Protein chains: 2
Amino acid sequence: MSGTAIGTTRQEQERSRVTRQKLMTAAIEVLVEKGWAGATMGAIAERAGVSRGACQHHFPTRGALVAAAVEHVFRQQVEELVRRANGLPESRRRVEPLLNLLHDVYAGPLFTAATHLWVAAVADEELKAILLPLETQVGREVHRLTVELLGLDERDRDVRDAVRATLDLLRGLALANLLHDDTARRRKVLAHWARTLEAQLAPKRATQAD
Amino acid sequence: MSGTAIGTTRQEQERSRVTRQKLMTAAIEVLVEKGWAGATMGAIAERAGVSRGACQHHFPTRGALVAAAVEHVFRQQVEELVRRANGLPESRRRVEPLLNLLHDVYAGPLFTAATHLWVAAVADEELKAILLPLETQVGREVHRLTVELLGLDERDRDVRDAVRATLDLLRGLALANLLHDDTARRRKVLAHWARTLEAQLAPKRATQAD
């Protein structure tokens, strides 16, 4: 292969990557505004400024597109969460700021888009089949990450249940925050929850000596 | 007025009541299946077996119809909750069965319908204006009811925060239950939270001497 051919291939790969990202970002935006019923391939392609044909080339179905979009934005959010968590001071009082951080990352446009998808899937077996494995994977990863950020030992049953409850609480808080800014109420709930978690989990923390 | 005229009026009132109930039940069903975008007045009237004209006579807009439907089904669920809660044995270990009961009543078709509405309202100011007062009213009532069922004293700040957290947790669990039966995981989470609540609130229970 000549150098030019390789250069062209790289350019094509880069263009392809950019097009995919545009489509995934547009998919989340259109989902937030119009829900699953309104998030047609045409509407998403138009929002992304990409032709219908190019859209279909990258994602054969809108199911494949929204699944890829949810996963892509989820990865970005995990990166953001880890970066911001690393910026928190090491301290025994780290639980409350960590919970607020988890909420902030949790309750963004991805949550709104995902809620549209999840609720639409209740009456749509095809969409459900796409979302179930994604839900399992994302759920496991968020659980693992939360255990790690809180410095806990996952082998303890009480730890597992407390982390599960914490994530269910965060999901409920994100839902409560959909229609109006629920920050004042949420701060109280998370402060209360943090105190509860600290009292419960203090004896269970993984040794931080290493 | 003659007796016949009064009889006719009563029959008309009864017919009107039945038609309203049919429309409200149909509105929740259609919302669960098709979401806000698909829950047109035509689709709801058809499901209820009521003419478009009669539908419009009872509810001038679909916003008015779905708000009435959410409130109507909510009232029925509160009645069911109170009836089932009254059937629970009086005991200090009442918290866990009460939480499971709250979940069962919480996570039905009304929750799915309401989630469709709430998430659609994120990008729909008109719908948001209809739902916000409803959310406030339902939220307050569920809070008051939970305090009462748990036999707590609402004046205590810790009690208020613990009840808030409990309801946010239940909302999150209901969302997790949308796509698949999450019962096994949920039972563990609620058992864990019941133990936590019991330990936290035992000293705060309203005196049950009266």
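About the cut-offs
Residues numbered from 1 in each chain as written. Chains lettered and ligands numbered in written order. Predicted model: local features only at pLDDT ≥ 70, side-chain atom pairs only at ≥ 80, totals over all residues. Heavy atoms only, no water. Least-squares fit on C-alpha atoms with pLDDT ≥ 70 in both. Contact = heavy atoms within 4.5 Å. Axes fitted to C-alpha atoms, helices over the stretch in contact; angles between N-to-C directions. Helix = DSSP H or I, 4+ residues; strand = E, 2+ residues; numbered from the N terminus. Parallel < 35°, antiparallel > 145°, perpendicular 65-115°, else oblique. Nonpolar A, V, L, I, M, F, W, Y, C, P; charged D, E, K, R; others polar. Salt bridge = Lys/Arg side-chain N within 4 Å of Asp/Glu carboxyl O. Buried < 20%, exposed > 50% of the residue type's maximum accessible area, 1.4 Å probe, protein only. UniProt positions renumbered as here; feature names shortened; annotations may be inferred. Buried area = accessible area lost by both parts, 1.4 Å probe. Polar contact = N/O pair within 3.5 Å; in protein donor to acceptor, adjacent residues only side chain to side chain. pLDDT = per-residue confidence, 0-100. Phe/Tyr/Trp six-rings, centres within 6.5 Å; stacked < 30°, edge-to-face > 60°. Lys NZ or Arg CZ within 6 Å of the ring centre and 35° of its normal. Expected span 1.5 Å × (residues − 1). Bend = angle between axes of the 7 residues up to and from the residue. Left-handed = near helix turned anticlockwise from the far one by under 90°.

**Side note on the relation of the copies chain A and chain B**
Each of the two chain copies can be brought onto the other by rotation about an axis and movement along it. Turning chain A through 180° and shifting it by 0.0 Å along the axis lays it on chain B, with an RMSD of 0.0 Å. As the rotation angle and translation indicate, the two copies are arranged about a two-fold axis. The share of interface residues of chain A whose copies in chain B are also at the interface is 98%, consistent with both copies meeting through the same surface.

**A short note on the packing of helix α8 (residues 157-176) of chain A against helix α9 (residues 183-201) of chain A**
Residue and element names in this part refer to chain A. One way to put it is that α8 packs onto α9 with a least axis distance of 12 Å and a crossing angle of 180°. Classified by the angle between their axes, α8 and α9 sit roughly antiparallel to one another. Within the contact between the two elements, α8 uses V159, A162, A165, T166, L169, L170, L173 and A176 and α9 uses R185, R186, V189, L190, W193, L197, Q200 and L201. Split into classes, the residues belonging to the contact of α8 with α9 amount to 12 nonpolar, two polar and two charged.

**Overview of the pattern of salt bridges**
All names here are of chain A. Going through the model one piece at a time under the given rule, you end up with 30 salt bridges over all chains. D104 is paired through a salt bridge with R84; the nearest N and O atoms lie 3.6 Å apart. Taken together, the residues D104 in helix α5 (residues 95-106) and R84 in helix α4 (residues 62-86) connect sequence positions 20 residues apart. Under the relative-accessibility criterion, D104 is labelled partly exposed at 42%.

**Section: the UniProt feature "domain: HTH tetR-type" (unreviewed entry) in chain A**
The positions that UniProt labels "domain: HTH tetR-type" (unreviewed entry) are, in the present scheme, residues 17-77 of chain A. With 87% helix and 0% strand, the stretch residues 17-77 of chain A has end C-alpha atoms that lie 19 Å from each other.

**Considering the interface of chain A and chain B**
With 41 residues of chain A at the contact, the number on the chain B side is 40 residues. Interface area for chain A against chain B, summed over the two sides, is near 3,600 Å², with a carbon-plus-sulfur share of 68%. The largest contributions to the chain A side of the interface with chain B come from V119, L179 and H192 of chain A, which together make up 19% of the buried area. Ionic pairing is found between R185 of chain B and D168 of chain A, a salt bridge with its closest N-O pair at 2.8 Å. Summed over the shared surface of chain A and chain B, the result is 12 residue pairs in polar contact (both at pLDDT 80 or more).

**Quick notes on the confidence of the model for chain A**
Per-residue confidence for chain A averages 90 on the pLDDT scale, and 93% of its residues sit at or above 70. Across chain A, helix α2 (residues 41-48) of chain A holds the top mean pLDDT of 97, while helix α1 (residues 3-38) of chain A sits lowest at 89.

**Here's the deal with the side chain of H103 of chain A**
Residues and elements named next belong to chain A. One can find H103 in helix α5. When its relative accessible area of 3% is taken as the criterion, H103 is described as buried. Filtering out sequence-adjacent residues up to four positions away, H103 remains in contact with L170, L173, A174, N177, R186 and L190.

**Section: the packing of aromatic side chains**
Residues and elements named next belong to chain A. In this structure the tally under the stated criterion is three aromatic pairs over all chains. Geometrically, the ring pair formed by Y106 and F111 is tilted, given 6.1 Å between the ring centres and 50° between the ring planes. Here the guanidinium or amino end of R62 rests over the ring plane of W36, the centre of that ring lying 3.5 Å away.

**Structural notes on helix α7 (residues 125-149) of chain B**
Residues and elements named next belong to chain B. The end-to-end C-alpha distance of α7 is 35 Å, a good match for the 36 Å that 25 residues give at a rise of 1.5 Å each. Remark: the principal bend of α7, roughly 30°, maps to L131, with a proline, P133, within the next four residues. Taken together, the buried positions of α7 are L127, K128, L131, L134, E135, V138, V142, H143, L145, T146, V147 and L149. Among the residues of α7, the N-terminal cap falls to D124, whose side-chain oxygen and the backbone nitrogen of E126 are separated by 3.2 Å.

**Quick word on the packing of α7 of chain B against helix α8 (residues 157-176) of chain B**
Residue and element names in this part refer to chain B. Their axes nearest at 10 Å, the elements α7 and α8 cross at an angle of 115°. By the angle between their axes, α7 is roughly perpendicular relative to α8. Between α7 and α8 the crossing geometry is right-handed. Across the interface between the two elements, V142, H143, T146 and V147 of α7 pack against R160, V163, R164 and L167 of α8. Taken together, the residues of the contact of α7 with α8 break down into four nonpolar, two polar and two charged.

**As for helix α5 (residues 95-106) of chain B**
Residues and elements named next belong to chain B. Its 12 residues place the ends of α5 16 Å apart at the C-alpha level, agreeing with the 16 Å of an ideal helix rising 1.5 Å per residue. Taking burial as the measure, the 12 residues of α5 include nine buried ones, the bulk of the element. Taken together, the buried positions of α5 are occupied by V95, L98, L99, N100, L101, L102, H103, V105 and Y106. Its buried side turned inward, α5 meets α4 (62-86), α6 (109-121), α7, α8 and α9 (183-201).

**Quick look at the environment of F59 of chain A**
Residue and element names in this part refer to chain A. Note that F59 resides in the loop between α3 (52-58) and α4. Spatially, the C-alpha atoms of F59 and L169 are 34 Å apart, while their sequence positions differ by 110 residues. For F59, the residues in contact, after removing those within four places along its chain, are R20, L23, M24, M41, A64, L65 and A68.

**What to know about the environment of R185 of chain A**
Tracing the sequence through the fold places R185 of chain A in helix α9. According to the relative accessible area criterion, R185 of chain A is partly exposed, its value standing at 23%. When the C-alpha positions of R185 of chain A and I130 of chain A are compared, they lie 35 Å apart, and in sequence the two are 55 residues distant. Polar contacts involving the side chain of R185 of chain A include one to the side chain of D168 of chain B, which spans 2.9 Å.

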